[in-house]
Amino acid sequence: MATPMLDHTDNDGSVLTALRSPRRLKTEVLGSLVVALALIPEAISFSIIAGVDPRVGLFASFTMAVTIAVVGGRPAMISAATGAVALVVAPLTRNYGIDYLIATVLLAGVLQIVLSLLGVAKLMRFIPRSVMVGFVNALAIMIFITQLPHLIDVPWMVYPLLAVALLILAFLPKLTSAVPAPLVAIVLLTAATIVFSLDVPNVGDEGELPSSLPSLMFPDVPLNMHTLSIIAPFALAMALVGLLESLMTAKLVDDITDTHSNKTREGWGQGVANLVTGFFGGMGGCAMIGQTMINVKVSGARTRISTFLAGVFLLILVVGLGGLVARIPMAVLVAVMIMVSVGTLDWHSINPKTLRRMPLGETMVMLVTVVVTVTTHNLAYGVIVGVITAMVVFTRRVAHLTEVVDIAHPDENTRVYAVRGELFFASSNDLIYQFDYAGDPENVIVDLSDAHIWDASTVATLDAITTKYAARGKNVEIIGLDKASGERHVRLSGKMGASS
């Protein structure tokens, strides 16, 4: 009886359950510490991309993580300053300065709350599996690519440190799961570089760490329409990119943990987190997929405790222990992210056997999602283009399933056609060429019992067919319409412009 209890505890996302279980609580605490350590160089890097002081990115990561831990809809997911948001706001910061950036973050938070309450999270159902697989694979590739600058033109000692770190990360979990392997690697290799005075790039080389706590502020910008015209486009882009990445990450964590999350709550929670971040002078952010994978997949965290403590530990590390944290070698953090990349990639999806079985269209959607994401360094763009590609592939596939068949000649003056399939703009446009207008007798029956009318384009096509026969003095009768198709046909027939 004891084993099921332990299994249930390990998979339960309840904070109270974790607090009652020392084993689960230890997993949450240690996992959050690893995430906090890995967040520091990334937050600094994203600050540089956005054109702001490293403190802006670090404080944003702290406030995003702590706030989303309380208001978010996906336990154990990590939100912080991200590269996607940094890329969106970089031109604004460069041209208008930090105050306009903060104003943009605040407006983006408001937009995320409004969009979420309007039900934007429900659009997730329209993202097909092939796009999700492409999203995951692109994420893995991007995580790996972003580590390469730390491995080029560096002292040779970086490579032995990287190799040792990778060995620890790969084999320590096979020996024990008492302590997260990334934490062991970080502690041991940091100690080694200090004891042996190894001259290798470290966290401190990425940027200056803050020495004081964040404070409340309000952006010094004119409150007028001109300001709104400047920040609104960036705020909308930031809101959409943040929501898309956060909801996609939430769905990914759902799949990994076999649990369901509240996507609407996660959406407006991201908005609240950005509002809090803006008022504390942060650059805003969204869900961090790489850090979430460290927390959920590598460390095994499952509750809001890990997300909250990740933010708290981040602040303690950079403000209270900044001198020690600055000496962590980048090689070990790169190794952690490389292992995250390897673990994130859906290897089954690129297995030759899988590719041979998979329909070509599905594979193409996955590849398009990967290529666009990696090329633009923006997961949102990849998903959007992937969804559009999937729509085109699906439309083309369904359009080819429509056929017109000559099924009966009740008498010498009557011919019956059966139309089969789903009739919409892509399939109905060619429908007009499937009839013998000149050779058919004076009475033509079009049986739609095995078809369904989905749009106005199909009604217009049926009107055009009727008009062509009428021009030759022939009568057309359309029969077999189901209730929805019949109502649509009656409402639109003869009212479609040129064909009327």
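Presented here is an overview of the structure given in this document. Everything numeric here is computed off the predicted structure, so don't read it as measured data.

Parameters and conventions
In every chain, residue numbers begin from 1 and rise along the written sequence. In keeping with the model being predicted, local features are shown solely for residues with a pLDDT of at least 70 and side-chain atom pairs are shown and tallied solely at 80 or more, while totals for entire chains, interfaces and linings include all residues. With hydrogens and water stripped out, all remaining heavy atoms of the structure feed into the side-chain values. Strands here mean DSSP runs of E at least two residues long; helices mean DSSP runs of H or I at least four residues long; both are numbered from the N terminus. Throughout, exposure labels follow a simple rule: accessible area from a 1.4 Å probe, protein chains only, divided by the maximum for the residue type, with under 20% read as buried, over 50% as exposed, and the rest as partly exposed. Contacts are assigned to residue pairs that have any heavy atoms within 4.5 Å of one another. Take the buried residues of types Ala, Val, Leu, Ile, Met, Phe, Trp, Tyr and Cys, join any two whose side-chain atoms come within 4.5 Å, and each joined set is a nonpolar core. Only when DSSP finds a minimum of two bridges between them are two strands counted as paired. We call a crossover right-handed when, viewed with the strands running away from us, the connection from the first strand over the helix to the second turns clockwise. Any two rings among Phe, Tyr and Trp, with Trp reduced to its six-membered ring, count as a pair given centres within 6.5 Å; such a pair is stacked if its planes are under 30 degrees apart, edge-to-face if over 60, and tilted if neither. Axis geometry follows a simple rule: fit a line to the C-alpha atoms, using only the stretch in contact for helices, then measure angles between N-to-C directions, giving values from 0 to 180 degrees. Each angle receives one of four descriptions, namely roughly parallel if under 35 degrees, roughly antiparallel if over 145, roughly perpendicular if within 65 to 115, and oblique otherwise. Any Lys or Arg side-chain nitrogen located within 4 Å of an Asp or Glu carboxyl oxygen qualifies as a salt bridge. Handedness of each helix crossing follows the sense of rotation of the near helix against the far helix: counterclockwise by less than a right angle gives left-handed, clockwise gives right-handed. Each residue gets one label: Ala, Val, Leu, Ile, Met, Phe, Trp, Tyr, Cys and Pro are nonpolar, Asp, Glu, Lys and Arg are charged, and the others, such as Gly, are polar. Expected span of a helix: the number of residues minus one, times 1.5 Å. Residues adjacent in sequence count toward polar contacts only when both atoms are side-chain atoms; beyond that, a polar contact is any pair of N or O atoms within 3.5 Å, and within protein one must be able to donate a hydrogen and the other to accept it.

## A few points about the overall build of the protein
Item 1. What the protein contains, in helices and strands, is 21 helices and six strands.
Item 2. Expressed along its principal axes, the backbone C-alpha trace of the protein runs to roughly 100 × 60 × 50 Å.
Item 3. For the protein, the proportion of its 500 residues judged to be buried stands at 53%.
Item 4. Across the protein, every contact between residues at least 6 apart in sequence was considered, and the portion connecting residues at least 24 apart equals 83%.

## Comments concerning the environment of T17
Item 1. Note on placement: T17 falls in helix α2 (residues 15-20).
Item 2. C-alpha of T17 to C-alpha of A326: the two residues are 309 residues apart in sequence and 35 Å apart in space.

## Observations concerning the nonpolar core
Item 1. Among the nonpolar cores identified, the biggest contains 99 residues, and I40, I127 and M283 are the most heavily contacted of them.
Item 2. Top element by residues in this core is helix α3 (residues 22-50). It accounts for twelve residues.
Item 3. Those residues in contact with I40 that lie beyond four places of it in its chain are L58, V203, L209, L314, L317, V318 and V325.
Item 4. Judged by nonpolar contacts, the second largest core, of 18 residues, contains L431, F435, L448 and V459.

## Structural notes on the pairing of strand β6 (residues 475-479)
Item 1. Looking at chain direction, strand β5 (residues 443-453) and β6 are connected through five bridges and run parallel. Its bridge partner being in β6, V444 is matched across the sheet by V476.
Item 2. A crossover links β5 with its parallel partner β6, the connecting element being helix α20 (residues 456-471), and its sense is right-handed.

## A few points about the packing of aromatic side chains
Item 1. Here the structure, examined in full by the defined rule, presents seven aromatic pairs.
Item 2. Ring centres 5.3 Å apart and planes at 90° place the aromatic pair F424 and F425 in the edge-to-face group.
Item 3. A residue is classified by how much of its surface remains accessible, and F424, at 12% relative accessible area, is buried.
Item 4. Arranged with centres 6.4 Å apart and planes meeting at 80°, the rings of F435 and Y469 form a pair that is edge-to-face. Of this pair, F435 sits in the loop between α19 (425-428) and β5 while Y469 is found in helix α20, placing the two residues 34 residues apart along the sequence.
Item 5. Residue classification places F435 among the buried residues on the basis of a relative accessible area of 7%.
Item 6. Through pairs of rings, three or more aromatic residues link up here, namely Y417, F435, Y437 and Y469.

## Remarks on unusual backbone geometry
Item 1. A positive phi angle is found at S197, which is not glycine, with a value near 50°.
Item 2. Locating S197 in the fold gives a position in the loop between α9 (181-195) and α10 (225-257).
Item 3. Even without glycine at this site, D258 takes up a positive phi of about 55°.
Item 4. Under the relative-accessibility criterion, D258 is labelled exposed at 69%.

## Considering the packing of α3 against helix α15 (residues 330-344)
Item 1. Axis separation between α3 and α15 bottoms out at 10 Å; the angle between their running directions is 105°. By the criterion of interaxial angle, the relationship of α3 to α15 is roughly perpendicular. Together, L37, A38, P41 and E42 of α3 and M330, L333 and M337 of α15 make up the contact between the two elements.

## Here's the deal with the sheet that holds strand β4 (residues 414-423)
Adjacent strands of a sheet pair through backbone hydrogen bonds, lying either parallel or antiparallel.
Item 1. Strands sit in the order β3-β4-β5-β6 across an open sheet of four strands; the sheet is mixed. On the outer flanks of this sheet lie β3 (403-408) and β6, each paired with one strand and no other. On average, each strand axis in the sheet is tilted by 25° relative to the strand beside it, whichever way the strands run.
Item 2. Pairing of β3 with β4 involves five bridges; the strand directions are antiparallel. Bridging from a neighbouring strand, V405 pairs with A418 of β4.

## A few points about the pattern of salt bridges
Item 1. Throughout the structure, instances matching the rule amount to nine salt bridges.
Item 2. With its nearest N and O atoms 2.3 Å apart, the salt bridge here joins R415 to D440. Taken together, the residues span a long stretch of sequence, with R415 in strand β4 and D440 in the loop between α19 and β5 at a distance of 25 residues.
Item 3. You can call R415 buried: its relative accessible area is 16%.
Item 4. Of the charged contacts, one joins R420 and D450 as a salt bridge, the two residues approaching to 3.9 Å between their closest N and O atoms. Here the residue R420 occupies a position in strand β4, and D450 occupies one in strand β5, the gap between them amounting to 30 residues.
Item 5. Assessed through its relative accessible area of 52%, D450 is described here as exposed.
Item 6. One salt-bridge network, held together by shared partners, links R74, D254 and K263.

## Digging into the packing of helix α7 (residues 129-145) against helix α18 (residues 379-399)
Item 1. Running from N to C, α7 and α18 cross one another at 150°; their axes reach a closest spacing of 10 Å. When the axes of α7 and α18 are compared, the pair comes out roughly antiparallel. The crossing of α7 and α18 is right-handed. Taking contact as the criterion, the partners of V131, F135, L139 and M142 in α7 are, on α18, L379, V383, G386, V387 and A390.
Item 2. Of the residues assigned to the contact of α7 with α18, the class counts are eight nonpolar, one polar and no charged.

## Structural notes on helix α11 (residues 263-279)
Since the α-helix packs 3.6 residues into each turn, any two residues three or four apart lie on the same face.
Item 1. With 17 residues, α11 extends 25 Å between its outermost C-alpha atoms, agreeing within 8% with the 24 Å of an ideal straight helix rising 1.5 Å per residue.
Item 2. Buried within α11 we find K263, E266, G267, G269, Q270, G271, A273, N274, T277 and G278.
Item 3. Residues of α11 that are buried sit in contact with α4 (54-71), β1 (79-80), α6 (98-117), α10 and β2 (286-287).
Item 4. The opening residue of α11 is N262, an N-cap whose side-chain oxygen sits 3.2 Å from the backbone nitrogen of T264.
Item 5. Where α11 ends, the next residue or the one after it, G281, has phi of about 80°, a positive value.

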